[in-house]
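If you want the building blocks of each chain, they are given just below.
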Amino acid sequence: MPKVSAIIPAAGSGKRMGGGKSKQYLQLGGRPVIINTLALLQRSSLIDEIILVSPPVEIDLTRQLVDEAALTKVIRIVEGGKERQDSIRNGLNSLDYSTEIVVIHDGVRPFLKEEHLEATIEAAREYGAALLAVPVKDTVKEAGNSFVGRTVPRENLWLAQTPQVFSYEIIKEAYHYAEEKKVIGTDDSSLVEHIGREVRIVTGSYENIKITTPEDLIFAEALLKEKC
Ligand code: C5P
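Residues numbered from 1 in each chain as written. Predicted model: local features only at pLDDT ≥ 70, side-chain atom pairs only at ≥ 80, totals over all residues. Heavy atoms only, no water.

**A closer look at unusual backbone geometry**
To keep things clear, this is the line we draw: By definition, any uninterrupted DSSP run of H or I lasting at least four residues is a helix, any uninterrupted run of E lasting at least two residues is a strand, and each is numbered from the N terminus. The cut-offs for exposure are 20% and 50% of the maximum accessible area for each residue type, with area from a 1.4 Å probe on protein chains only; residues under the lower value are buried, those over the upper are exposed, and the others partly exposed.
Put simply, threonine 162 and proline 163 share a cis peptide bond, and its omega is 10°. Within the fold, proline 163 resides in strand E10 (residues 158-167). For alanine 70, which is not glycine, the phi torsion reads 50° and is therefore positive. By the secondary structure assignment, alanine 70 is in the loop between helix H2 (59-68) and strand E5 (74-79). Phi is positive for lysine 182, which is not a glycine, with a value near 55°. Judged by its relative accessible area of 70%, lysine 182 is exposed.

As structure tokens, then:
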């Protein structure tokens, strides 16, 4: 049976959070952020299996958290790498050929809505590659130093989120090409763009935040309360 496999990168070191603890282990609604994210994929009938990417030194802790939360779809925990791209590569290398669709979703985005996951997977089935994104709301300035160089027209600007969803063949090819040509990207779509494939944009929501800095966590707690 062709499978939909989710790769969840959660191997970041949490440098931007300022504290010692990686952001994926911070508490949100009484449980670690990463468990909130995994729980929504565990609940979704669209996901067959989850490959979780963890910091190498936290594999035991991660395994313990996954077991305690009875996240049975997590079939494997693999070691992360130095950059996010290295972490995803390790996850991809652990997939088998029965994988049809690869869903890549940041472990620190616990507010993904099922309808958006579904729409992104559907778009990837149709176009081979798709990502969730939201239109830029603010005016964007380009600057080489502390003075404005120019104002960038925002009509065509999007903020890329995750999930980013691909056919197994396309994402494998993109990572292979990136490794060979030493391409580095801050998301997976950019690597697919490098091999000349079109990536379909699916409009998401501003709630699908990435918990990166301390104020994100305050906002996240507020969002969670509003949902209860
Ligand atoms: O660093 P960034 O904000 O892009 O992180 C997005 C996601 O990628 C986070 O869930 C983080 O844990 C993960 N990541 C990773 N391996 C790294 C860096 C980040 O799995 N080396």
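**Observations concerning the packing of helix H3 (residues 84-93) against helix H5 (residues 168-181)**
What counts is decided by this rule: As a rule, the C-alpha atoms of each element are fitted with a line to give its axis, helices using only the stretch in contact, and angles between N-to-C directions run from 0 to 180 degrees. The scheme is simple: roughly parallel for angles under 35 degrees, roughly antiparallel for over 145, roughly perpendicular for 65 to 115, oblique for anything else. Should the near helix be turned anticlockwise from the far one by less than a right angle, the crossing is termed left-handed; should it be turned clockwise, right-handed. Any pair of residues with heavy atoms lying within 4.5 Å of one another is described as a contacting pair. In this classification, Asp, Glu, Lys and Arg are treated as charged, Ala, Val, Leu, Ile, Met, Phe, Trp, Tyr, Cys and Pro as nonpolar, and every other residue, Gly included, as polar.
Relative orientation of the contacting elements H3 and H5 amounts to 130°, with a least axis distance of 11 Å. In terms of orientation, H3 and H5 fall into the oblique class. Regarding H3 and H5, the two cross each other, and that crossing is left-handed. Listed contacts from H5 to Gln85, Ile88, Arg89 and Leu92 of H3 are Ile171, Tyr175, Ala178 and Glu179. Considered class by class, the residues forming the contact of H3 with H5 number five nonpolar, one polar and two charged.

**Examining the layout of surface pockets**
Let me state the cut-off plainly: Think of a 1 Å grid over the protein atoms and nothing else: a 1.4 Å probe that fits but is trapped marks a cavity, an open set flanked by protein within 12 Å on at least five of seven lines marks a pocket, and residues with an atom within 4 Å of a point count as lining. Grid points are joined across faces, edges and corners, and a volume is the space filled by probe spheres set on the points.
There is about 370 Å³ of room inside the second largest pocket. Every residue lining the second largest pocket is counted, 18 residues in all, and those nearest its centre are Val134, Leu159, Gln161, Tyr206 and Ile209. Those elements that provide at least two residues to the lining of the second largest pocket are strand E7 (129-135), E10 and helix H7 (214-227). Class assignment for the residues of the lining of the second largest pocket results in eight nonpolar, four polar and six charged.

**Topic: the sheet that holds strand E6 (residues 99-104)**
Applied cut-off: Any two strands with at least two DSSP bridges between them are considered paired.
Strand order in the open sheet formed by seven strands is E5-E4-E1-E6-E10-E7-E11, and the pairing between neighbours is mixed. Edge positions in the sheet fall to E5 and strand E11 (200-203), since each of these pairs with one other strand and no more. Across this sheet, the average inter-strand angle for adjacent strands is 25°, counted without regard to direction. Where E7 meets E11, four bridges bridge the pair, whose relative direction is parallel. Counterpart to leucine 131 in the pairing with E11 is isoleucine 201. Packing of H3 onto the sheet brings it into contact with strand E1 (3-9), strand E4 (49-54), E5, E6 and E10, and relative to E1 it is tilted by some 150°.

**A word on the pairing of E4**
For E4, the tally of buried residues reaches six of six residues, placing the bulk of the element in the interior. Burial of the side chains of E4 extends over both faces: Glu49, Ile51 and Val53 are buried on one face and Ile50, Leu52 and Ser54 on the other. Taken together, the five bridges between E1 and E4 define a ladder with parallel strand orientation. Within the sheet, the bridge partner assigned to proline 9 lies in E4 and is valine 53. In terms of strand pairing, E4 meets E5 through five bridges, oriented parallel. By the bridge assignment for E5, valine 53 is matched with valine 78.

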